[in-house]
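# Inside the fold
Now for the letters of each chain:
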Amino acid sequence: MHLTARLIDSRGETGRQIDANKAASTLRKTAGMNGNGPNKMVDPLEDPLPGLGTYEDFNTIDWVREKSKDRDRHREITNKSKESTVALLHSVSDAFSGWLLMLLVGLMAGALAGGIDIAAHWLTDLKEGLCLVGFWFNHEHCCWTSNETTFQERDRCPQWQSWAELITGTSEGAFAYIVNYLMYIVWALLFALLAVALVRAFAPYACGSGIPEIKTILSGFIIRGYLGKWTLIIKTITLVLAVSSGLSLGKEGPLVHVACCCANILCHLFTKYRKNEAKRREVGALLRVRGSGRLVLFYVEFHAPWHLVELVPFILLGIFGGLWGALFIRANIAWCRRRKSTRLGHYPVMEVLVVTALTAVLAYPNSYTRMSGAELIAELFNDCSLLDSSQLCGYKPPTNTSKTGVGNSLADRPAGEGLYTALWQLALALVFKMMITVITFGMKVPSGLFIPSMAVGAIAGRLLGVGMEQLAYYNHDSFIFKGWCSPGADCITPGLYAMVGAASCLGGVTRMTVSLVVIMFELTGGLEYIVPLMAATMTSKWVADALGREGIYEAHIRLNGYPFLEPKEEFGHSSLTVDVMRPRRSDPALAVLTQEGMTVGEVEALVESTRYSGFPVVVSQESQRLVGFVLRRDLLISIDNARKRQEGVVSASQVVFTEHAPAQADDGPPPLRLRGIVDLSPFTVTDHTPMDITVDIFRKLGLRQCLVTHNGRLLGIITKKDILKHMAQIANRDPDSILFN
C-alpha cells in the first residue's frame, strides 16, 4: 500500500519528541493489565484506557476536546444528581469545588508572598548590620521598641549595630566605612551564589520572571514541571535570596509564577481540575489578572490637587517612559540573544556573580541605589510633610511659618543643600538603574521587572517634579502659574510626578494601559489622579509602540520560540490557507489513515517511520474524503493495550475506524476497533479561506491544528507552528526561530 507522507511536528508546535519505539516500550511497561477473554473486542469509546486524552511534554492541548469533556462530565453529574441524595451532594460539592480551590490558592499564595516579603526584608538589612536582641529581627523591627531613637535619626538605635560596629567597635571613620562596604559585597555575593546554585541544581525552571512562560502555558502549551512542587519550593527560596542580593530586580513577576504553581498543585485535589487541562488553565487566568495587586505596597495619599497646566510635564514623563521602555526592550533582548549565542550562556553562575559584584560595588556609595527597590519607590512617592527628615525634603525653612499647605503638607519652599545633594544622587541612580537592569533581567535567578521599571520612572518623575516645584516657587507671577499658584501655597506635589513617572516607565516596558491605571488608582485612593495617569500611560504606550510593537514579555516569548499567538497582533496579509498549509507543492503528500483496510502492522509502520503528532482519517486513499483525526499518542496507547487485553490481535489484524466492524474470515485474526479515539468533528477550513480568518479561529478557539479541504476532499493541514512561521516570515524574521528552546 502506498502511504503518503506528511509532517505534523509531534512536539505540539515546538519542542522535543519521544521516539515512537521508546513511547511504545514505555507504554507497555506502564499499562500492564489483565486480559479480558478471547472474545472481548476492546473499544476505547466503551472501555476507556489509561492515558487516552493526555498530552506529551511540549505539546499544545486541544481546547475544544477538553471543553467537550468537561461538558460531558458536568452533564453526567447533573443527570445523576436526580437519582439519589449522595449523587446530589456530589453535584453540590462539584459546583462548590471551584470556590474552595480559589480560597485555598489565595491562602497559600498569600502566605508564601508574606513570607517572601518578610524574609527578603530581613536578609536585605542583614547586609548592613545585625540586631543584638535577636538576629531574626530586621532593622525596622529591631528599633521598634527602642526608647533611644531620635526624630532626625529614627533608624538608629543601640539594639541595631552595623558590621563595622560589631567588628571594629566604631561606626565612624574610613576604616569602618570600608568594613561595611566589604561586608555588603560579601553578603550580596553569598546570596546570589546560593540563588543561582539552587536554581541550577534543583529547578532550572525557577529562573526569570516566569510571566512569558505562564502566558504560553495559559494559551494551551504544556511544559511539564514548570508549575511543579520543586519549582515552587526553589523559586520561593531563591526569590528571597535574589532580591536580598541587591540586584536590580523585583519580586512581583515571580510572585505570579509562585501563585500559579500553588494553583497547579492544589488543582490536583479536585477531580474536575486534575483531569482537565483547560479547567486548570482557567484558574491560572484569574491569578494572572490579580497577580499585580502586590503594588498596593506603595499606598500614598497626596493632599494637593493637580492642575491642567501640569498635563504637559505628565505627558513628557509619558514620552520618557515610552522611549525608555522601547530602548530597554531592544537592549535587553539583544543582550539575552548574545547570552544564548555566545559562550556567555555557558557560564550562568559566573555571570550572576560578576553582575552582583558590579551592582554591589557601584550601588553601595549611593544611598538611593543601596536601598531596596521597594524602599526607593516608597521614598520617591512620599509627599513631604512637617515630620519628614528625608533628604528629599531638605528644603530651606519657610520665611513665613504661618503659610502652610493643605493638611500636614508644607507650602512650596526653595530647595536647600540636602535636597540638592539628593537630586545629584538621584540623577546618578537613574543612570545606574537604567543600565544595570538591562543586563540583570534574564539571568538564571528569579527576576521581576515591575520594581526596577517603576524605580526608573519614579526617579525621573521626582526629578521633574522638584524642578516644576522650584519653577513655580520662583515664577509664581508668570502667566503659567498665575491664578492657581499663589505664594505660600502647596502647588506642586513631586511625589505625584514620581508616581506618574513610575506608571509611564512600567507601561512603556509592559505596554499595560487600563490595568496599570487601575493599579495606580489603588495606590492613591483618589479619582482625581486618573486623568494624569491615563494621559501618561497612553502617551507611553503610543511612543513605545511607534518604536516597537512588542512588550518585554512578548519579546521574550518570541526570543525563546514559544508557540504563542498574541491576541492583539494584527494579521494584515492577504494570503490564503492554501499558501500556508502543508504539504507544499514540493513536499511529500499527506500521511493519512484509512477508516478500514489497514492492518495493525501497517499502522505501526506508519507511526514508527514518522514523527507526526496525529493523522487524518479518510474513507480511502483514492477518495480522500475526510472522516476525522486521531492523535499519535492515543493511537499508540490503544494498539499497545489491545495487544495485551484483546486476545488474537497481531500485526495482520485489521484496524477499523468505522462504527461497525467488517465481516472477518473464520481463520483470520480479530479486527481492532479504534473509532472511539477518532475526533469525528475536526475543525476544517477550505483552501480559499483568508488567513486572517484562520488566525482568528486559532486564537479564539485555541486550536492546535486545522484541516484544509476542497469540496470535501482532504488537501492538507495547518498547525499553530505553521501560522507562527508564516507570521514571522511576513515580519522578515527567521521562521525557523519558532521552536521551543
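Residues numbered from 1 in each chain as written. Predicted model: local features only at pLDDT ≥ 70, side-chain atom pairs only at ≥ 80, totals over all residues. Heavy atoms only, no water.

### Quick notes on the overall build of the protein chain
Applicable threshold: Working definition: helices are DSSP H or I runs of at least four residues, strands are E runs of at least two. Numbering for both runs from the N terminus. Relative accessibility under 20% of the residue-type maximum defines a buried residue, over 50% an exposed one, and the middle range a partly exposed one, all with a 1.4 Å probe and only protein chains included. Only heavy atoms enter the contact rule, under which two residues are in contact if any of them lie within 4.5 Å. In these tables, accessible area is a Shrake-Rupley quantity obtained with a 1.4 Å probe, and a residue counts as shielded only by the protein chains included in the view.
What the protein chain contains, in helices and strands, is 26 helices and 11 strands. Counting all 741 residues of the protein chain, 53% fall into the buried class. Within the protein chain, contacts between residues at least 6 apart in sequence are counted, and of these 75% link residues at least 24 apart. Accessible area for the protein chain stands at about 33400 Å²; split by element, carbon and sulfur atoms hold 60% of it.

### Structural notes on unusual backbone geometry
A cis amide bond, omega 10 degrees, links arginine 582 with the succeeding residue proline 583. Among the structural elements, proline 583 can be located in the loop between helix 22 (577-580) and strand 3 (593-594). Even without glycine at this site, arginine 511 takes up a positive phi of about 65 degrees. The exposure class of arginine 511 is buried, given its relative accessible area of 9%.

### Considerations on helix 3 (residues 85-126)
The condition that has to hold: Given the number of residues in a helix, its expected span is that number minus one, multiplied by 1.5 Å. Two axes enter the bend calculation: one fitted to the seven residues ending at the residue in question, the other to the seven starting there, and the bend is the angle between them. What qualifies as a polar contact is a pair of N or O atoms within 3.5 Å, subject to a donor-acceptor requirement within protein and to the restriction that residues adjacent in sequence count only when both atoms come from side chains.
Compared with the 62 Å implied by 1.5 Å per residue over 42 residues, the 59 Å span of helix 3 between its first and last C-alpha is a close match. In the structure, helix 3 departs most strongly from a straight axis at serine 97, where the bend amounts to approximately 40 degrees. Between the side-chain oxygen of the N-cap and the backbone nitrogen of alanine 87 there are 3.2 Å, and the N-cap of helix 3 in question is serine 84.

### Some remarks on the packing of helix 12 (residues 311-341) against helix 20 (residues 530-547)
Stated formally: Each axis is a line fitted through C-alpha atoms, and for a helix only the stretch in contact is used; angles between axes span 0 to 180 degrees, taken between their N-to-C directions. Handedness of a crossing is defined here by the sense of rotation of the near helix relative to the far one, left-handed for an anticlockwise turn of less than a right angle and right-handed for a clockwise turn. Following the grouping adopted for this structure description, the nonpolar residues are Ala, Val, Leu, Ile, Met, Phe, Trp, Tyr, Cys and Pro, the charged ones are Asp, Glu, Lys and Arg, and the polar ones are all others, Gly among them.
Viewed as axis vectors pointing N to C, helix 12 and helix 20 meet at an angle of 35 degrees, and their least axial separation amounts to 7 Å. The two elements helix 12 and helix 20 meet at a crossing, and its hand is right-handed. Between helix 12 and helix 20, the residues in contact are Leu311, Phe314, Ile315, Gly318, Ile319, Gly321, Gly322, Leu323, Ala326 and Arg330 and Val531, Pro532, Ala535, Ala536, Thr539, Ser540, Val543, Ala544 and Leu547, respectively. Considering only residue class, the contact of helix 12 with helix 20 consists of 13 nonpolar, 5 polar and 1 charged.

### Examining the environment of arginine 633
Note on placement: arginine 633 falls in helix 24 (residues 632-645). Placed 577 residues apart in sequence, arginine 633 and glutamate 56 show a C-alpha to C-alpha distance of 7.9 Å.

### Regarding the packing of helix 23 (residues 600-608) against helix 24
Condition: For classification purposes, an angle smaller than 35 degrees is called roughly parallel, one larger than 145 roughly antiparallel, one from 65 to 115 roughly perpendicular, and anything else oblique.
Relative to each other, helix 23 and helix 24 sit at 140 degrees, their axes nearing to 11 Å. For the element pair helix 23 / helix 24, the angle class is oblique. As for how helix 23 packs across helix 24, the hand of that crossing is left-handed. Note on element contacts: helix 24 touches helix 23 through Arg632, Leu635, Leu636, Ile639 and Arg643, opposite Val600, Val603, Glu604 and Val607.

### Points about the UniProt feature "transmembrane region" (unreviewed entry) in the protein chain
As a reminder, the rule being used: UniProt positions are given in the numbering used here, feature names are shortened, and annotations may be inferred rather than shown by experiment.
Under the UniProt annotation, "transmembrane region" (unreviewed entry) lies at residues 99-123, 181-206, 227-249, 312-333, 345-364, 422-442 and 449-468. Along residues 227-249, the helical share is 70% and the strand share 0%, with 21 Å between the first and last C-alpha atoms.

### What about the state of the cysteines?
Note the following rule: Two cysteine sulfurs form a disulfide in these notes if their separation is within 2.5 Å.
Taken as a whole, this structure holds 4 disulfides when the rule is applied. Each sulfur of the disulfide joining cysteine 384 and cysteine 393 lies 1.9 Å from the other. A torsion of -90 degrees about the S-S bond marks the disulfide between cysteine 384 and cysteine 393 as left-handed. Cysteine 393 shares its class with cysteine 384; the two are buried. What links to what in the protein chain: the bonded cysteines, counted in sequence order, pair as 1-2, 3-4, 5-6, 7-8.

### Brief notes about helix 15 (residues 373-381)
For the record, the criterion: Arc, as used here, means the arc of the directions from the helix axis to the C-beta atoms.
Inspection of helix 15 places Gly373, Ala374, Leu376, Ile377, Leu380 and Phe381 among the buried residues, and these make up the whole buried set. Taken down its axis, helix 15 places every buried residue within 160 degrees of arc, on the same side.

### A word on the side chain of lysine 127
Counting through the fold element by element, lysine 127 comes out in the loop between helix 3 and strand 1 (129-131). Looking at lysine 127, its side chain comes within polar contact range of the main-chain oxygen of serine 244, at 3.0 Å. Ignoring anything within four residues of it in the chain, the contact list for lysine 127 reads Trp163, Met183, Tyr184, Trp187, Ala188, Phe191, Ser244, Ser245 and Gly246.

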